[in-house]
Amino acid sequence: QANVINLKTFLSAVRLAHQGSDTGVLPLSPLVPAKNSDVEKPKTKMIITSRRDYPLTKSFPFSLEHLQTSYCKLARIDTRVLCLKKLRKLDLSHNHIKQLPATLGDLVCLQELDLHDNHLEAFSGALCSSGLQKSLQFLDLSQNQIQALPIEFCQLRGLVQLRLDDNALLRLPCRIGQLSHLRFLSAARNKLPFLPSDFRRLCLENLDLFGNPFEQPNPLVPNIQLKIPLTLLECAARAAVNHRIPYGCHLLPSHLCKDLEVAKTCRCGSACLSSFIQITVTMNLHHVAHTVVLVDNMGGTEAPILCYFCSLDCYSQFLDRHLQSNG
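Residues numbered from 1 in each chain as written. Predicted model: local features only at pLDDT ≥ 70, side-chain atom pairs only at ≥ 80, totals over all residues. Heavy atoms only, no water.

The protein chain carries the name LLR1 protein in an unreviewed UniProt entry, which gives Chaetorhynchus papuensis as its organism.

Encoded structure:
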């Protein structure tokens, strides 16, 4: 922590004294009281909650691990913040931020990101493929203007808590079940008509979906996208997924790789790509969460969830069981 030049001079004087040099010729400097900056610990936390306190000329300490800049009317993320490589918690809530820079993903130590009450319309897929994949555990995107999250969103495998309340979400990510560490999910007051099929794979402690316009499920009115006979592309895609045949952009066009990554799963366990039968069925949310906030004012804890079938045979078998259980 000492001044490097003064320290070198002091060590040089000690060496000369040890060798028996005359004290009169030793390079000794007068004693000067240490500055606060020389002895104080590196600053790890900074909280700014007004525009007038926001530093415009001074840089942020590179030692910061927790930074909060709320109610500062920021229209974008300060590039100086993106240089704080030790940041673990970043709170940018209650600002006017419309877009997130891809370089935000360079904050590889970031565990908590709070973007509550901004003007975001999207969450970049590039961020989901960045260093945040492993580090990010808490993400608050509530009170923004987001309509959909990218396919890559479910690459944020470290997420434990996700808040999406008060947006304009029309759907949740189709591979949301890949968020195996997720324990707290809140997506209240959005525009969700149903839940993705992969939602069944979640294992949550707390779930809040209150205030969404969920549709009334009707298994007897299917959305039939089935093509008979199956196209060669569909047969090849099903085989690749069902038999776990390795693929990548070095073997297939990138758009085909993306299609394979979001292949639908039939109730029988087989995959289907663009040829399927789709229905919505009712799911009690207690199947995926220990604590469930009521879905509506009527005390319900059930919501519609998408269900896929790879063939007429699979759908017929489901329909027989459904009619028997309700007959």
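Draft legend 1. Representation of the overall build of the protein chain in the model. Summing up its helical and strand segments, the protein chain has seven helices and 14 strands in all. Radius of gyration (C-alpha) of the protein chain: 28 Å, far over the 20 Å computed for a compact globule of 327 residues. With the C-alpha coordinates aligned to their principal axes, the bounding extent of the protein chain is approximately 105 × 50 × 35 Å. By the burial criterion, 41% of the 327 residues in the protein chain qualify as buried. The long-range fraction of contacts in the protein chain, counting pairs at least 24 apart against all pairs at least 6 apart in sequence, stands at 45%. Across the protein chain, the 34 positively charged side chains and the 27 negatively charged ones have centroids separated by 5 Å. (Helix = DSSP H or I, 4+ residues; strand = E, 2+ residues; numbered from the N terminus. Rg over C-alpha atoms; globule rule 2.2 N^0.38 Å. Buried < 20%, exposed > 50% of the residue type's maximum accessible area, 1.4 Å probe, protein only. Contact = heavy atoms within 4.5 Å. Lys, Arg positive; Asp, Glu negative; His and termini not counted. Charge placed at Lys NZ, Arg CZ, Asp CG, Glu CD.)

Draft legend 2. Structural context of the sheet that holds strand β14 (residues 302-309). Strands sit in the order β9-β12-β14 across an open sheet of three strands; the sheet is antiparallel. Edge strands, defined here as strands with exactly one partner in the open sheet, are β9 (223-224) and β14. As judged from the eight bridges shared by strand β12 (residues 277-284) and β14, these two strands associate in the antiparallel manner. Within β14, the residue paired with Ile277 across the bridge is Phe309. Contacts between helix α7 (residues 312-325) and the sheet are confined to β12 and β14, with β12 contributing the most and set at about 35° to the helix. (Pairing = 2+ DSSP bridges. Axes fitted to C-alpha atoms, helices over the stretch in contact; angles between N-to-C directions.)

Draft legend 3. The pattern of salt bridges, seen in detail. For the structure on display, the rule yields seven salt bridges. Residues Asp78 and Arg80 are paired through a salt bridge, measuring 2.7 Å at the closest nitrogen-oxygen approach. Taking relative accessible area as the criterion, Asp78 reaches 15% and is therefore assigned buried. Each of Asp140, Arg163 and Asp165 takes part in a single network of salt bridges with overlapping partners. (Salt bridge = Lys/Arg side-chain N within 4 Å of Asp/Glu carboxyl O.)

Draft legend 4. Expanded view of the nonpolar core. Counting residues in each nonpolar core, the largest one holds 77 residues, and the members touching the most others are Leu90, Phe123, Phe153, Leu185, Leu195, Phe199 and Leu285. Every element with two or more residues in this core is listed here: β1 (45-48), α3 (125-128), β8 (204-208), β12, β13 (289-293), β14 and α7. The element that contributes the greatest number of residues to this core is β14, accounting for six residues. For this core, the two domains that each supply at least three residues are domain 1 (45-191) and domain 2 (218-326). (Core = buried A, V, L, I, M, F, W, Y, C linked by side-chain atoms within 4.5 Å. Domains from an automatic or database assignment.)

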